[in-house]
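What follows is each chain in one-letter form.
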Amino acid sequence: MLLAWIAPALAGFYHPADVARSSVAFATASEQSASAASDAQAKSRAYADALRRFEEGLDLLGDAEPAGQRERLDALVKQYNRDFATVQAFADAMVTDFDGAFGRALERGLAAFPGAVRCEGQIPEGPKLPGMRQRTKPNPECQGDDLNARLAAAMDKDAVLANDLAEVLGRQWPKLDLPVEPVATVGGERWVVVSDFFRAGMGDALRGIDRMDEEARLPFESAIEQGAGKEELRAMAEAAKAVDAETRRKRATAAAPVRERADLVLAKQAPGGGWCAQPELLGGCTGQADPGLAKLLLADKKVARLLP
């Protein structure tokens, strides 16, 4: 009879999310892992943007595209996709092992509280309004003692958890480093990045071309999500090449008259000025970047009139 009386007294409720919010170990480990993940994501985004700008720059140069640079772009994209997949797999494994370590620690802590019931302490109340935190109220289904703080304290003293976290957080993130190599300019050795200049001068027009490109690819994405077969995938690959070609044509057509006038301005007012398709993160071009060239060109009245 004594045991039957003690068991209900020890019973209470907990929820993993509530335990985590009360755990110093969880907060510290989360901060460390989030910092590393944030750095990797920032680097990934920077490379993805640079590759997009490289492609756009080559498209905008049209017939003046330097030989061999499209092949360099293709090689960089392949390496980026391969390295990004490796980083993503690493991050996924870290999350799985991180959650597993805390899950096992929670199970060890629960051994001290027989009869504990999983129950979320706070539940949403009222409408969820955009930009505002959801109001909550105590969950009436959670009965007995709130064990979350005690379980969190036990986890913070768990030596096994500390060792598990040290192993997970001590892993070396895979590198995402694309080879840096200057390429040839179009024109002189003092240069402006092509996409930077045209984004500043005709950003709306280029964003419109981007939207048309994305819309043209929606059927491909939908078919892939629905499990397209090999034949259908091959057909989509050919259709995607046609979309690539059309986007390239649109960019080159939009840029041609502007670049023709800009080349005249460079020849007269900035001898030695030229264009660089490759962003500086990837190596830029031989010679020297000259941001003043973009200001010079955009200040020309005839260039301004030609910008859409």
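Our subject is the structure listed above.
First, a word on what this report is: a plain description of the structure on this page. Predicted model, so just to flag it, every value in this text is computed and none were measured. (Residues numbered from 1 in each chain as written. Predicted model: local features only at pLDDT ≥ 70, side-chain atom pairs only at ≥ 80, totals over all residues. Heavy atoms only, no water.)

Spatially, 3 strands are ordered β2-β1-β5 in an open sheet, and the strand pairing comes out parallel. In this open sheet, the two edge strands, each paired with only one partner strand, are β2 (117–118) and β5 (145–146). Strand direction decides the pairing type here: strand β1 (residues 12–14) and β2, joined by 2 bridges, are parallel. Opposite F13, over in β2, you have V117 as the bridge partner. (Pairing = 2+ DSSP bridges. Helix = DSSP H or I, 4+ residues; strand = E, 2+ residues; numbered from the N terminus.)

To continue, consider the pairing of strand β8 (residues 273–276). Residues in a regular strand point their side chains to alternate faces of the sheet. Neither face of β8 is exposed, since G273 and W275 on one face and G274 and C276 on the opposite face are all buried. For strand β6 (residues 186–187) and β8, the ladder comprises 2 bridges, and the chain directions are antiparallel. Following the sheet pairing, V186 is matched in β8 by W275. Judged from the 4 bridges that link them, strand β7 (residues 190–193) and β8 form a sheet pairing that is parallel. For V192, the partnering residue across the bridge sits in β8 and is W275. (Buried < 20%, exposed > 50% of the residue type's maximum accessible area, 1.4 Å probe, protein only.)

All right, on to the packing of helix α4 (residues 69–110) against helix α6 (residues 159–169) then. Two numbers describe how α4 lies on α6: the axes approach to 10 Å, and their chain directions differ by 180°. The pairing of α4 with α6 is recorded here as roughly antiparallel in orientation. Of the residues in α6, those touching α4 at M94, D97, F98, A101, F102, R104, A105 and R108 are V160, L161, D164, L165, V168 and L169. (Axes fitted to C-alpha atoms, helices over the stretch in contact; angles between N-to-C directions. Parallel < 35°, antiparallel > 145°, perpendicular 65-115°, else oblique. Contact = heavy atoms within 4.5 Å.)

A contiguous patch of positive charge on the surface is contributed by K268, K301, K302 and R305. In terms of residue count, the dominant contributor to the positive patch is helix α10 (residues 301–306) (3 residues). With respect to the helices and strands, R305 occurs in helix α10. On the accessibility criterion, R305 (61% relative accessible area) is exposed. (Patch = residues over 30% accessible without salt bridge, like charges linked within 9 Å, V, L, I, M, F, W, Y side chains within 5 Å. Areas by Shrake-Rupley, 256 points an atom, 1.4 Å probe, with all protein chains shown as cover. Salt bridge = Lys/Arg side-chain N within 4 Å of Asp/Glu carboxyl O. Lys, Arg positive; Asp, Glu negative; His and termini not counted. Charge placed at Lys NZ, Arg CZ, Asp CG, Glu CD.)

This part takes up the pattern of salt bridges. Side chains carrying opposite charge are able to pair once their charged atoms draw close together. In the structure shown here, the tally under the stated rule is 27 salt bridges. Here E56 makes a salt bridge to R52, at a shortest N to O gap of 3.9 Å. Remark: R52 and E56 occur in helix α3 (residues 24–61); sequence separation between them is 4 residues, near one turn of the helix. When its relative accessible area of 31% is taken as the criterion, R52 is described as partly exposed. Note that D196 is salt-bridged to R53, the shortest N-O span being 2.8 Å. Residue D196 is located in helix α7 (residues 194–225), and its partner R53 is located in helix α3; the two are separated by 143 residues in the primary sequence. A relative accessible area of 39% means that D196 is categorised as partly exposed. Among the ionic contacts, a cluster of salt bridges with common partners joins D49, R52, R53, E56, D59, E65, R70, D196, R199, D210, R248 and R251.

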